[in-house]
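# Per-entry structural report
Residue-level listing of the chains:
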Amino acid sequence: MTQRSRLTPEREAELYEAVLDLLREVGYDALTMDAVAARTRSSKATLYRQWRSKPELVVKALRHNQPVSVADIDTGTLRGDFHAMLERTDDCQMEKDSALMRGLAQAVHGNPDLHRALRELLIEPEITGLDTLLRRAVERGEVSVDNRAIDFVPHMLIGAFVGRQLIEDRTPDPAFLKQYVDAVVLPALGV
């Protein structure tokens, strides 16, 4: 088995940023490893040594763009945790990220490998992080252990992103999401 040469963290970050820029410019389907190689002045062989596939590269670039894990947030209250989670990103970054996710949501339908990579590398870790926040809230007595809304928190949060765009034709921003959490998610959890 050949050993992969390790990229420096700076070079890896540069590659990830180029991937995200290309995604914003051309979308997932038109993104190619050739385009990434040209944009980053690297070889396709280097890219394939580091990332086995385009879906893996794209999802790891998205993951790198979210440096703080949800599970690492612990303010002492569930409301504080949700608000801290939403404060990780400014309005401009959230707009760019929302556009990327909308584009990827479309691409998932025709790309099972992308769907699998998104679930394994991006969605499942975030759900695990939310589970950690909710478990802590249950342990603190903020949320009842038998509250049925606990299982639907990821769905509620995703609904806020999708709903605002569909209903108001506006990208969700941290202020909107904080209001949504306070008015919808926390009351559903009995907080």
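Residues numbered from 1 in each chain as written. Predicted model: local features only at pLDDT ≥ 70, side-chain atom pairs only at ≥ 80, totals over all residues. Heavy atoms only, no water.

Take the pattern of salt bridges next. In this structure the tally under the stated criterion is 20 salt bridges. When the shortest N-O distance is used, the salt bridge between D21 and R24 registers 3.2 Å. Taken together, the positions of D21 and R24, both in helix α1 (residues 9-26) and 3 residues apart, correspond to about one turn of that helix. For D34, the salt bridge identified is with K44, shortest N-O distance 3.4 Å. With D34 in helix α2 (residues 33-40) and K44 in helix α3 (residues 44-50), the pair connects residues that are 10 residues apart, well separated along the chain. Among the charged side chains, a salt-bridge network with shared partners connects D74, D81, R136, R140 and E142. (Salt bridge = Lys/Arg side-chain N within 4 Å of Asp/Glu carboxyl O. Helix = DSSP H or I, 4+ residues; strand = E, 2+ residues; numbered from the N terminus.)

With that settled, consider the layout of surface pockets. The volume enclosed by the second largest pocket comes to roughly 170 Å³. What lines the second largest pocket is simply R52, S53, P55, E56, K60, D113, R116, A117, E120 and L121. The set of elements that each furnish at least two residues to the lining of the second largest pocket consists of α4 (54-64) and α7 (112-140). Considered class by class, the residues forming the lining of the second largest pocket number 3 nonpolar, 1 polar and 6 charged. (1 Å grid on protein atoms, 1.4 Å probe; cavity = no way out; pocket = protein on both sides within 12 Å on 5 of 7 lines; lining within 4 Å. Points joined across faces, edges and corners; volume = space filled by probe spheres on them. Nonpolar A, V, L, I, M, F, W, Y, C, P; charged D, E, K, R; others polar.)

By themselves these figures say nothing about function.
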